[in-house]
Amino acid sequence: MPDNSQVTELIDKFGRRVDYIRLSVTDRCDFRCVYCMTEDMTFLPRDQILSLEELYRVAKVFTELGVKKIRLTGGEPMVRSNVMSLIEKLGALPGLEELLLTTNGAQLEKYAIPLKAAGVNRINISIDSLDAERFKRISRVGKLDKVLAGIEAASAAGFERIRLNSVVMRGYNEDEVLDLADYAVEHDLDIAFIEEMPLGEASDHAREDTTCSNAWVREKIEEKYQLVDSAETTAGPARFAKIADHKSRIGFISPVTHNFCEDCNRVRVTVEGRLLLCLGNEHSVDLRAILRNPKNDDTVLKQALIDSMQIKPERHYFFDKDHAQPVRLMNMTGG
Ligand code: SAM
Ligand code: SF4
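Here's a quick rundown of the structure.

Basis of the calculations
Residues numbered from 1 in each chain as written. Chains lettered and ligands numbered in written order. Predicted model: local features only at pLDDT ≥ 70, side-chain atom pairs only at ≥ 80, totals over all residues. Heavy atoms only, no water. Helix = DSSP H or I, 4+ residues; strand = E, 2+ residues; numbered from the N terminus. Expected span 1.5 Å × (residues − 1). Buried < 20%, exposed > 50% of the residue type's maximum accessible area, 1.4 Å probe, protein only. Contact = heavy atoms within 4.5 Å. Near = heavy atom within 4 Å. Polar contact = N/O pair within 3.5 Å; in protein donor to acceptor, adjacent residues only side chain to side chain. Nonpolar A, V, L, I, M, F, W, Y, C, P; charged D, E, K, R; others polar. Pairing = 2+ DSSP bridges. Axes fitted to C-alpha atoms, helices over the stretch in contact; angles between N-to-C directions. Parallel < 35°, antiparallel > 145°, perpendicular 65-115°, else oblique.

What to know about helix H5 (residues 144–156)
Here is step 1 of the chain: If you check H5, its first and last C-alpha atoms are 18 Å apart, about what 13 residues at 1.5 Å a residue would give, namely 18 Å.
Here is step 2 of the chain: For H5, every residue scored as buried is listed here: Leu144, Val147, Gly150, Ile151, Ala153 and Ala154.
Here is step 3 of the chain: Looking at the buried positions of H5, the neighbouring elements they touch are helix H3 (108–118), strand E6 (122–126), helix H4 (132–139), strand E7 (163–168) and helix H6 (177–186).
Here is step 4 of the chain: Following H5 by one or two positions, Gly158 adopts a phi angle in the positive range, close to 95 degrees.

Things to note about the site of ligand 1
Here is step 1 of the chain: Taken together, 19 residues are adjacent to ligand 1, and Tyr35, Gly75, Glu76, Ser126 and Met197 come closest.
Here is step 2 of the chain: Thr103 places a main-chain nitrogen or oxygen 3.2 Å from an oxygen atom of ligand 1.
Here is step 3 of the chain: Taking Ser126, its side chain carries an N or O atom lying 2.5 Å from an oxygen atom of ligand 1.
Here is step 4 of the chain: Classifying every residue of the shell around ligand 1 gives 6 nonpolar, 9 polar and 4 charged.

Points about the pairing of strand E10 (residues 238–243)
Successive residues of a regular strand alternate their side chains across the two faces of the sheet.
Here is step 1 of the chain: With 5 bridges connecting them, E10 and strand E11 (residues 249–253) associate as antiparallel partners. Bridge pairing in E11 links Ala241 to Ile250.
Here is step 2 of the chain: The hairpin turn running from E10 into E11, its antiparallel successor, is 5 residues long, and Asp245 in that turn takes a positive phi close to 70 degrees.

Comments concerning the site of ligand 2
Here is step 1 of the chain: Neighbouring ligand 2 are the residues Cys29, Phe31, Arg32, Cys33, Tyr35, Cys36, Met37, Gly75 and Asn104.
Here is step 2 of the chain: Each residue belonging to the shell around ligand 2 can be placed in one class, and the counts come to 6 nonpolar, 2 polar and 1 charged.

Examining the packing of helix H2 (residues 83–91) against H3
Here is step 1 of the chain: Following both chains from N to C, one finds H2 and H3 inclined at 30 degrees, their axes separated by 8 Å at the closest point. Overall, the two elements H2 and H3 adopt an arrangement that is roughly parallel. Across the interface between the two elements, Met84, Ile87, Glu88 and Gly91 from H2 touch Tyr111, Pro114, Leu115 and Ala118 from H3.

As for the environment of Arg163
Here is step 1 of the chain: Relative to the helices and strands, Arg163 is located in strand E7.
Here is step 2 of the chain: Residue classification places Arg163 among the buried positions, given a relative accessible area of 13%.
Here is step 3 of the chain: At 3.0 Å, the side chain of Arg163 and the side chain of Asn165 are in polar contact.

Structure below.
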């Protein structure tokens, strides 16, 4: 086996450095958003998902390979039992500069303060509508007032640069783009508009009918606000603009209409321990098998992560009929 004790970073064969992982801590959720899940989901049995200890081990070895930023996601991270114990350990992980969380916000009233104390730096909260009935239609079961209370709790706990995430879908909420932007501006929050991605088959609609381009969303917003493009990027499909005379920034996450794969600095780990090298492709490595083989110590895991860089695809091909589309839904992918 090659001696990788000196390797301290992950660089793929296109020269892209991976220093950001999105770690899914559960495939389960208390919502059933129409773009993310089908109505009658079957979730993974317990023995197939990584334990909190295994998730920590993966995170630790990634940080030893130069990963500076971890985003916890899912499913809904806050429904994983005892997730706070993992978050506390990650918050103290040497080398980790940013610990981030993406949540539906429904439990933030309870958890905002403990999350801040555990060292979570920033939170993204998903909200697709400000109308209670419509919110329920999109999330199938979610309650808008819980999420609004969660957003307030996160602000009160002192989180800075809280970002709202809104998936804009024709026929569901495209007429609310300005209301959502107004809400963000009034509360000094950032907001990112996300194009719906064709991850797995949606059960309530055909994605081709609902996908709404961010170019259109931006035009809507510019009917009211002056946007000043920001050079800042998250090295991903997000582009940000400042709103003149306000603190809020507006992000446009356009994985479908724009391909920013050349800057990609991230990989995902699903809760089954599948290392996904690209959101839009099935290339993956089974980390669970490595973690669960008692003969393997962390050097084997480290080697697998280094080797995985050789299969990170150059780009995705969303909606391209000449290329296979991912069959996994977003809750299995880790959003
Ligand atoms: N449950 C948390 C939440 O909703 O924020 C975290 C996981 S969720 C899968 C992460 C993000 O992915 C959310 O902002 C959600 O809106 C987005 N998402 C889910 N399915 C999507 C899809 N098919 N296309 C685009 N965004 C999607
Ligand atoms: Fe749950 Fe988030 Fe998926 Fe909605 S987007 S169903 S909140 S995991």
